[in-house]
Amino acid sequence: MKIYFTLFLFFSSAFCYAQINLIDTTRQLKEINVIANRLTDFSTGTKVDVVDSLVMFQHINKNLSDLLSDESPVFIKSYGLGALATSSFRGGSASQTALLWNGFNINSPMNGVVDLSLVPVNFMDAISVQYGGVSALWGSGAVGGAIHLNNTAKFNSGVTTKVNVSTGSFDVYNQQVSFEFSKRKFISSIKLFNTTSKNNFQYNNVFSANDAKVIQTNAELKSYGLLSENYWLIKENQKINLFFWCQHTDRNIPPTMLQFRNESNQIDNNYRITSEWKYEKKKIVTYVRGAYFNESLIYSDKTYRATDVNVSQSIIIEAESKIKLNSQHSVNIGINDTYVTAVASGYINKPQQNRTAFFASYLYTTKNEKLKTAASIRQEIIKNKFVPFTYSAGADYQFIKWLGFKANFSKVYRIPTFNDLYWSMGGNPNLLPENGYSEEAGLKLKLKNNNILFSSDVTVYNRTIKNWIIWLPGISYWSPQNIMSVWSRGMETNSTLAVKLNNFKISISVLTNYVVSTNQQAKSANDASVGKQLIYVPMYSGHAKLSIEYKQLSFSYRHNYTGYRYTSTDNTEYLKPFYLGSLYVSYKTRIKNVATVFYVQVNNIWNEEYQVMLSRAMPQQNFNAGISIEFNKPNNNNN
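All of these numbers come straight from a predicted model, not from anything done at the bench.

The helix and strand inventory of the protein chain stands at six helices and 35 strands. Computed over its C-alpha atoms, the radius of gyration of the protein chain comes to 24 Å, within 12% of the 26 Å expected for a compact globule of 639 residues. With respect to the principal axes defined by its C-alpha atoms, the protein chain has extents near 75 × 55 × 50 Å. Out of the 639 residues in the protein chain, the part that is buried amounts to 54%.

To continue, consider the pattern of salt bridges. If you walk through the whole model with that rule in mind, you get 24 salt bridges. The partner of aspartate 268 in a salt bridge is arginine 251, and the shortest N-O contact between them spans 3.7 Å. Of this pair, aspartate 268 sits in strand S16 (residues 264-281) while arginine 251 sits in strand S15 (residues 238-253), and the two are 17 residues apart along the sequence. Sharing partners across several salt bridges, the network here consists of Arg38, Glu276, Arg289, Glu318 and Glu320.

Where strand S20 (residues 352-365) and strand S21 (residues 371-382) come together, 11 bridges link them in antiparallel fashion. For serine 361, the partnering residue across the bridge sits in S21 and is serine 376. In the sheet, S21 pairs with strand S23 (residues 390-400) via eight bridges, with the strands oriented antiparallel. For arginine 378, the partnering residue across the bridge sits in S23 and is threonine 390. The pairing of S21 with strand S22 (residues 385-386) spans two bridges and is antiparallel.

A word on the side chain of serine 568. Counting through the fold element by element, serine 568 comes out in the loop between strand S31 (565-566) and strand S32 (574-575). A polar contact is formed between the side chain of serine 568 and the side chain of aspartate 570, at a distance of 2.8 Å.

On to the nonpolar core, then. Membership of the largest hydrophobic core comes to 34 residues, with the highest contact counts inside it found for Leu64, Leu99, Trp101, Met124, Ile127 and Leu149. Residues within four places of leucine 149 in sequence aside, it is in contact with Leu64, Leu99, Leu100, Trp101, Asn102, Val119, Met124, Ala126 and Ile127.

Rules behind the numbers
Residues numbered from 1 in each chain as written. Predicted model: local features only at pLDDT ≥ 70, side-chain atom pairs only at ≥ 80, totals over all residues. Heavy atoms only, no water. Helix = DSSP H or I, 4+ residues; strand = E, 2+ residues; numbered from the N terminus. Rg over C-alpha atoms; globule rule 2.2 N^0.38 Å. Buried < 20%, exposed > 50% of the residue type's maximum accessible area, 1.4 Å probe, protein only. Salt bridge = Lys/Arg side-chain N within 4 Å of Asp/Glu carboxyl O. Pairing = 2+ DSSP bridges. Polar contact = N/O pair within 3.5 Å; in protein donor to acceptor, adjacent residues only side chain to side chain. Core = buried A, V, L, I, M, F, W, Y, C linked by side-chain atoms within 4.5 Å. Contact = heavy atoms within 4.5 Å.

This is the structure in structure tokens:
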């Protein structure tokens, strides 16, 4: 095992730019500038990965949790096929990740997380992952990192229709249709998906007396949704957009390996509307945006004849301006107001909360562009009280053409959720925000010639969080307290070697993740968790990937490793490491304006038995296959 990780750590990570044709279709994650203004210009010193278009297509019939689990160092806490999936950045909790859709934070105000299994990849045009503490840029929750989901469009590209149909093991059926109408000054598109699955896979129940073979029960899933995008070019310097995302998911919750049966069900309904106006004038770019989110979760259990209804609503208004003072100096200033309310059977009243935040950033670039430095500040006010003032400072420096350095320091925070504050029989209205400091530094290397490219990235990081919120048992019920102090540190590496030989494009990439995340403060007199790794935070993880393209044929093999995950706070109980291999093959054809792709994917190709979360069954070898068709009719020249 030590040799394995030594080899992994020998390679470091890859960040390659999209301009190089050699790696356009063989990269996994690459560093590029994306759409959101603050992410583009004021995230200096932080690590930002953008998911490659080919990788997104390989996950077109999957959800965000599958993509991140396969392609990033982010650990995904999956409770099984079609079940809850949350993220853990660099040893942080799920609520310490900010999920941003076109710049809006869509984390639930009730529990502070987003179920990543409910985010379809095909709804997004660009997905990027930002690591480290970025609270000064994105607000509460951006402690471990932020996931950015963006929709984009190109004016005057004609009429485009896409159809994707796939099927797979366990009676999985997926249908997707999208239609886009793009003129010189107007774009309108609609995306639809429908997914059904029985998830009736067979597994060995390791908790039974003789590892009995069991068929997963009560795991059916039905989900469908719609995303409408509209863009107007009012003038050459003014644009406005309007997005509408609605989704319905009805899924049964299967029993654990320790349960005889389970008859619970969960229905999620999400309605999200956003709009943004962009105005450019000389050296000033102004954005005014607004959003309304309505999310409901209905949980029922036939066995206990119980039903819980939880509904939250959010209204967000934000304005910001980027001012370019000259070729070397830029500033960004803005204000955000967020109003949230919720209704739940666990709340006595209908809690409400209004948050106002003021933020600003400054960017300096030297004349030779070798050095870029940025600083950001943010002050949020809740109920006339100031939450921790946050700030960040970072730098990117290019030593020579092929070697660069980055570093960032930030103060971070996360406010308590509605459940933490207001849950009946346990909620604690006196909770303080989690807060602390985050630092990271790294080297970026890139060597290339006409046919070979080698890129490498190594990042080390450190983070300390105080007032960490944890629910503890009391005399009569559990209640959250600001008890824990957590220290997280580690290293991420990612390396890629890409070679072009005549009609062949070959790339090999290796990604590793080492994280130590320990509790530094006792929760009780005889607390054995002090100095121990947090539960469900693997110390070692990584993956290797081989991709080969020959003309229209594409092949890739991915091998993932997830290390020990402790299931007890004193680290005496744990889940064993596991390896997962997957194979993907596709063939692409084009006849005039119609492009067709046939694809097959085999997951868990080595038939590994494993658990991501304790007693939650996961499938062994399975497959999916499908066909994707895209038709484009360009506009006439006179349009």
